[in-house]
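Given next are the chains, with one letter for each unit.
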Amino acid sequence: MSIGRTGPQHTAPTRTGRTALLVAALLAALLGLLPGAGPAHATTTKAPSGGATTTSTPATKAPATTAPKPPKPPTANPAAATDPVGTRVDFAGAGGTVLHGLVLTPPTATAAHRGPGLVMVPGAGPGPLSELRPAAEAYARRGITTLIFDKRTDGYSMTHRDYGQLADDALAAVRLLRSRPEVAPGRVGLWGLSEGAWVVSLAAARSGDVAYLVTAGAVGLTPARQQAWAYDGYLRHAGVSGSLRTALPDSSVRVLAAAGLFPEADYDPVPVWERVHQPVLAEWGTLDREAAPQESAAIIRQALDRAGNTHYTLRTVPGVRHNLHLTDDDGYDRPDRLPPDYADTETAWIQRLATALPAASADPAPHQATLSHAFAPLPWYQRAWAEAVATLLCLTGFAGYALTGAARRIRRRPRPAALPRAARWAAVTGTAALLGGLGYLFFLMVTAAMFPGPVLFGRPVVWLAVQLLALVAVGSAGVAAGTALRRRAALAATRGLDRARLGALLLASAIFVPWALSWGLLLP
């Protein structure tokens, strides 16, 4: 799945509030900024309707000797004249699911002067409408009636989604916008970011109600291949080298896809783009680190050419990242700041469609430091069933030995002298390496590899610690096996339960060695 997404705008906190919020964020393990506190001494009350809030600041009492001044006449607010008008709407999406949206209308739009409309679809993730509101307001201020809506929660999750279903939701939004009195029905288009570009292209291929397409950070690769390329780029940017560069972008993605836990992993956007005949404005930032823009632009252009579509504009936008926002870290961060000229070119392109269709044109695509690569077939030992069995056996042997030993100590029962002391080290470090390795890889996947942590000797400190634990576990297991061989006679006299514990531990250790090698825990 694509990782590109835009976050909601946040109010900047005060100095004291920022410190408190930072502590709260660390304790809650949140990623990103939390909303800050408002101005000091201000009070906020809800409007009678329950939807708006007003902020008031206590006035300072004037001295008794000062004559009251006449009130100043109200001054006009130039920005208010261009602010879009927001209208909450509800509509039925695919399968009858009720979706909640917001229509942002230019203040000059009227039924007598109908203008173009635009439905915006976000990238991967929960996708609340607030995520796209700043961008939607930018379009509305420039004369485009814009509809944004909360992404469905029914049928969309980290492990399941259906682009066809999301496309039907987008088409339902198009139908709603076409029915608005201030919108020209034949001038309603779709805008999609990253994963949203897969959705809107599919919607356009399905329905002629879509008059045009605008995409940001569209991906021409399969989701699995694109995600692997993005993971590798973020790790490389952080200074990571070695086995993690294979374990995350290659092994993790392939195993998740094979297990059915990577939704739409093999979705191929090319046949869909080959059925798109509407005018297309596809844009990529020069600092796009997520869409494999050099490859994606070429793939989408070739697909449109095969479709006979001669009305596309492929545009490269300088100085912006995947979602066409500004960046402070060469495209490897996600600040929510729009460029000052955001939506200027796009709005002009949309408005010109009323008089003439664009001729096919393409800017040079953004450069990629590395190209993506196709996945090799999984070996049998990395298939879902094999991984599940190996992980379960290792965890049972390691954790089982450690837990039963802890229970013995709690009951103050003596440890059999024949049991190797090294077995305890193997149990504890093996459990920690197994859970730590899988947990760290999962953390990197859900955070798009943006936060690998401090790097030492080309390895994140967490990964380096897990590798050291794996080495200790294997070494301790080897010592325990040697000791057990020397104490065969004594072990034969111990209880069957103790022999079974040790046997399970040694079996887990034997399985752990190839498992750890396949995941890079025992490799540089």
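Described below are features of the structure shown in this document. (Residues numbered from 1 in each chain as written. Predicted model: local features only at pLDDT ≥ 70, side-chain atom pairs only at ≥ 80, totals over all residues. Heavy atoms only, no water.)

## Here we look at a positive patch on the surface
Where like charges cluster on the molecular surface, the positive patch consists of R409, R421, R424, R486 and R487. Along the chain, R424 turns up in helix α12 (residues 421-446). Exposure remark for R424: the relative accessible area of 38% places this residue in the partly exposed category. (Patch = residues over 30% accessible without salt bridge, like charges linked within 9 Å, V, L, I, M, F, W, Y side chains within 5 Å. Areas by Shrake-Rupley, 256 points an atom, 1.4 Å probe, with all protein chains shown as cover. Salt bridge = Lys/Arg side-chain N within 4 Å of Asp/Glu carboxyl O. Lys, Arg positive; Asp, Glu negative; His and termini not counted. Charge placed at Lys NZ, Arg CZ, Asp CG, Glu CD. Helix = DSSP H or I, 4+ residues; strand = E, 2+ residues; numbered from the N terminus. Buried < 20%, exposed > 50% of the residue type's maximum accessible area, 1.4 Å probe, protein only.)

## Considerations on the side chain of D333
Considering the arrangement of structural elements, one finds D333 in the loop between β10 (312-317) and α10 (344-352). Nearest to the buried, unbridged D333 among oppositely charged side chains is R321, at 4.6 Å. A polar side-chain atom of D333 sits 2.5 Å from a polar atom in the side chain of T327. Apart from residues no more than four positions distant in its own chain, D333 is found in contact with R321, T327, D328 and M450. (Polar contact = N/O pair within 3.5 Å; in protein donor to acceptor, adjacent residues only side chain to side chain. Contact = heavy atoms within 4.5 Å.)

## Considerations on the pattern of salt bridges
One pass over the structure, following the stated rule, counts 23 salt bridges. Note that D344 is salt-bridged to R142, the shortest N-O span being 2.5 Å. One end of the pair, D344, is in helix α10; the other, R142, is in the loop between α3 (133-141) and β6 (145-149), with 202 residues separating them in the sequence. A relative accessible area of 37% places D344 in the partly exposed class. A relative accessible area of 27% places R142 in the partly exposed class.

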